[in-house]
Amino acid sequence: MKTVIIGAGAMGSLFGGLLTLSGEEVWLVDIWKEHIDAIRLKGLAIEEKGKTLNISIKATTDVRSIGKADLVLYFVKTYHSEKAVSDSLVLEKEDTLFLTLQNGLGNEETICKQVDRKKVALGVTGHGATLLGPGYIRHAGWGKTYVGEIDGRIADRMNKVAQMFIKSGIETKVSPRIHDLIWEKLFVNAGLNALAGITGLRNGQILDFPETLRLMEALVNEAIEVAGKKGIRIEGNPIDRVKAVIEATRENRCSMGQDLDRKRRTEIDAINGAVVREAERLGIPVHYNRMITDLVKVIEKTFI
Ligand code: NAD
């Protein structure tokens, strides 16, 4: 399956590297020239559990040079999606599948504005990666990846994608309830990212202070209420699952924290901001999510 990854940062490079190692034809596309030049010159370096893999992989800044793709995989930050999707339209043929594994809400809508929704699929991944420098990433976390059709069908094309991922060591399942899983991941991101981001804490410290624990639970409970009203099926106790993820990544500084530390734009609009937007549509008050969204947005404004 000829796969083109749009956004070859931490996660795009991780997936691209693993797929290439398993023998798949993969192209990495990124607008960051220094990174692409480094990959072309020296290969992609993936640091994993203390070892570094060096992978020879096709990489370009010019998506038009690739031809058509069987699979287009989006791994840009959510605020770059609109442009990335429009750039990627040159890759489209009759049966191209457009898949997003980005975090947050709104990715489906952004892609479907420009691509026929029959060609779009969604997913979430529990893997984590960090960009260390041009051509150099760290595989920082392991977890399951889920992919699924928007309408919940278990289609042959989704099984093919899952098989390809599994062959490359990415544990993957096709889910008939991908929207539920996107919200499940959102609960973690909504409870953790902005809160750890603005307090400067590492993930696990959120559980150590009664104040941050209370705030985390309030943020997640609001998101759960919105999800429930939207008809998202929530199993078990999501707060416990959020706590378990935070505990398992105790020593990490979350990605929004790293973005704020480096004075970079965050994905707040796709995370707590998205909870606020959905809540407004449903007439549900979500004061905690609104406040944290506003705080992060003001911090971002001071970067300019
Ligand atoms: P990143 O910032 O490391 O990489 C994004 C890349 O996209 C950058 O290299 C940027 O130059 C590139 N880009 C921007 N606009 C582009 C365009 N028009 N065409 C091509 N490339 C473009 O981000 P990341 O950490 O890899 O995250 C990507 C997505 O995956 C986000 O939605 C994030 O929330 C999600 N995610 C990240 C992790 C993680 O551990 N990093 C885990 C799960 C999900």
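Residues numbered from 1 in each chain as written. Predicted model: local features only at pLDDT ≥ 70, side-chain atom pairs only at ≥ 80, totals over all residues. Heavy atoms only, no water.

**Quick look at the layout of surface pockets**
For step 1, the next point in the chain: The space that makes up the second largest pocket amounts to roughly 630 Å³.
For step 2, the next point in the chain: Together, 31 residues line the second largest pocket, and Leu105, Gly106, Asn107, Glu109 and Arg277 are the ones closest to its centre.
For step 3, the next point in the chain: Among the elements of the structure, α3 (81-88), α4 (107-112), β8 (120-125), α6 (178-199) and α11 (272-282) are those that each provide at least two residues to the lining of the second largest pocket.
For step 4, the next point in the chain: Here the lining of the second largest pocket is composed, by residue class, of nine nonpolar, 11 polar and 11 charged.
For step 5, the next point in the chain: Inspection of the lining of the second largest pocket shows a minimum of three residues originating in each of domain 1 (3-176) and domain 2 (180-301). (1 Å grid on protein atoms, 1.4 Å probe; cavity = no way out; pocket = protein on both sides within 12 Å on 5 of 7 lines; lining within 4 Å. Points joined across faces, edges and corners; volume = space filled by probe spheres on them. Helix = DSSP H or I, 4+ residues; strand = E, 2+ residues; numbered from the N terminus. Nonpolar A, V, L, I, M, F, W, Y, C, P; charged D, E, K, R; others polar. Domains from an automatic or database assignment.)

**Re the nonpolar core**
For soluble globular proteins, nonpolar side chains are generally found buried alongside one another.
For step 1, the next point in the chain: In this structure, Val4, Ile6, Leu91, Trp183, Phe187 and Met216 are the most contacted members of the largest nonpolar core, which totals 61 residues.
For step 2, the next point in the chain: The dominant element in this core, judged by the number of residues it contributes, is α6, at 12 residues.
For step 3, the next point in the chain: Two domains each donate at least three residues to this core, and these are domain 1 (3-176) and domain 2 (180-301).
For step 4, the next point in the chain: Each residue touching Val4, except ones within four places of it in the same chain, is listed here: Trp27, Val29, Ile66, Ala69, Leu71, Val72, Leu73 and Leu91.
For step 5, the next point in the chain: Of all hydrophobic cores here, the second largest spans 30 residues; its members include Ile55, Leu73, Phe75 and Leu99. (Core = buried A, V, L, I, M, F, W, Y, C linked by side-chain atoms within 4.5 Å. Buried < 20%, exposed > 50% of the residue type's maximum accessible area, 1.4 Å probe, protein only. Contact = heavy atoms within 4.5 Å.)

**Regarding helix α5 (residues 156-167)**
For step 1, the next point in the chain: Taking 1.5 Å of rise per residue, 12 residues should cover 16 Å, and α5 covers 16 Å from first to last C-alpha, within 8% of that figure.
For step 2, the next point in the chain: Turning to α5, its buried residues are Met158, Val161, Ala162, Met164 and Phe165. Here the buried residues of α5 occupy an arc of 160° about the axis, which is enough to place them on one side. What points out from α5, more than 90 degrees from its buried face, is the exposed set Asp156, Gln163 and Lys167.
For step 3, the next point in the chain: Positive phi shows up at Gly169, right after α5, with a value of about 90°. (Expected span 1.5 Å × (residues − 1). Arc of directions from axis to C-beta.)

**Topic: the packing of aromatic side chains**
For step 1, the next point in the chain: Taken as a whole, this structure holds four aromatic pairs when the rule is applied.
For step 2, the next point in the chain: Ring geometry for Phe15 against Phe165: centres 5.5 Å apart, planes inclined by 80°, an arrangement best described as edge-to-face. On the criterion of sequence distance, the pair formed by Phe15 in helix α1 (residues 10-21) and Phe165 in helix α5 is long-range, its members being 150 residues apart. For the residue pair Phe15 and Phe165, the accessibility class agrees, reading buried in each case.
For step 3, the next point in the chain: Each ring, one from Tyr74 and one from Phe98, has its centre 6.5 Å from the other, and the planes form 15°; the classification is stacked. Within this pair, whereas Tyr74 is found in strand β6 (residues 71-74), its partner Phe98 is found in strand β7 (residues 97-100), the two being separated by 24 residues in sequence. (Phe/Tyr/Trp six-rings, centres within 6.5 Å; stacked < 30°, edge-to-face > 60°.)

**Examining the pairing of strand β3 (residues 44-48)**
For step 1, the next point in the chain: When you tally the buried positions in β3, you get four out of five residues, the bulk of the element.
For step 2, the next point in the chain: Counting the residues in the hairpin turn of β3 and strand β4 (residues 51-55) gives two residues, including Lys49, whose phi is positive at 45°. (Pairing = 2+ DSSP bridges.)

**Concerning the environment of Leu53**
For step 1, the next point in the chain: Relative to the elements of secondary structure, Leu53 occurs in strand β4.
For step 2, the next point in the chain: For Leu53, the contacting residues outside a window of four places in its chain are Leu21, Leu44, Ala45, Ile46 and Glu48.

**Concerning the sheet that holds β8**
For step 1, the next point in the chain: Taken in spatial order, the eight strands line up as β5-β2-β1-β6-β7-β8-β11-β12 in an open sheet, and their pairing is mixed. Since the sheet does not close on itself, it has two edges, and those belong to β5 (58-60) and β12 (172-174), each with one partner. Looking at each pair of strands side by side, their axes are set apart by 20° on average, direction ignored.
For step 2, the next point in the chain: Where strand β11 (residues 145-149) and β12 come together, three bridges link them in parallel fashion. (Axes fitted to C-alpha atoms, helices over the stretch in contact; angles between N-to-C directions.)

**What about the domain arrangement of the protein chain?**
For step 1, the next point in the chain: Along its sequence, the protein chain is organised into domain 1 (3-176) and domain 2 (180-301).
For step 2, the next point in the chain: Computed from C-alpha atoms alone, the centre-to-centre distance between domain 1 and domain 2 is 24 Å.
For step 3, the next point in the chain: The interface of domain 1 with domain 2 comprises 13 residues on the first partner and 15 residues on the second.
For step 4, the next point in the chain: Among the residues domain 1 hides against domain 2, the three largest losses belong to Tyr79, Asn103 and Leu105. Together they make up 47% of the total.
For step 5, the next point in the chain: Summed over the shared surface of domain 1 and domain 2, the result is one salt bridge.
For step 6, the next point in the chain: Of the residues contributing to the side of domain 1 that touches domain 2, the split by class is five nonpolar, seven polar and one charged. (Buried area = accessible area lost by both parts, 1.4 Å probe. Salt bridge = Lys/Arg side-chain N within 4 Å of Asp/Glu carboxyl O.)

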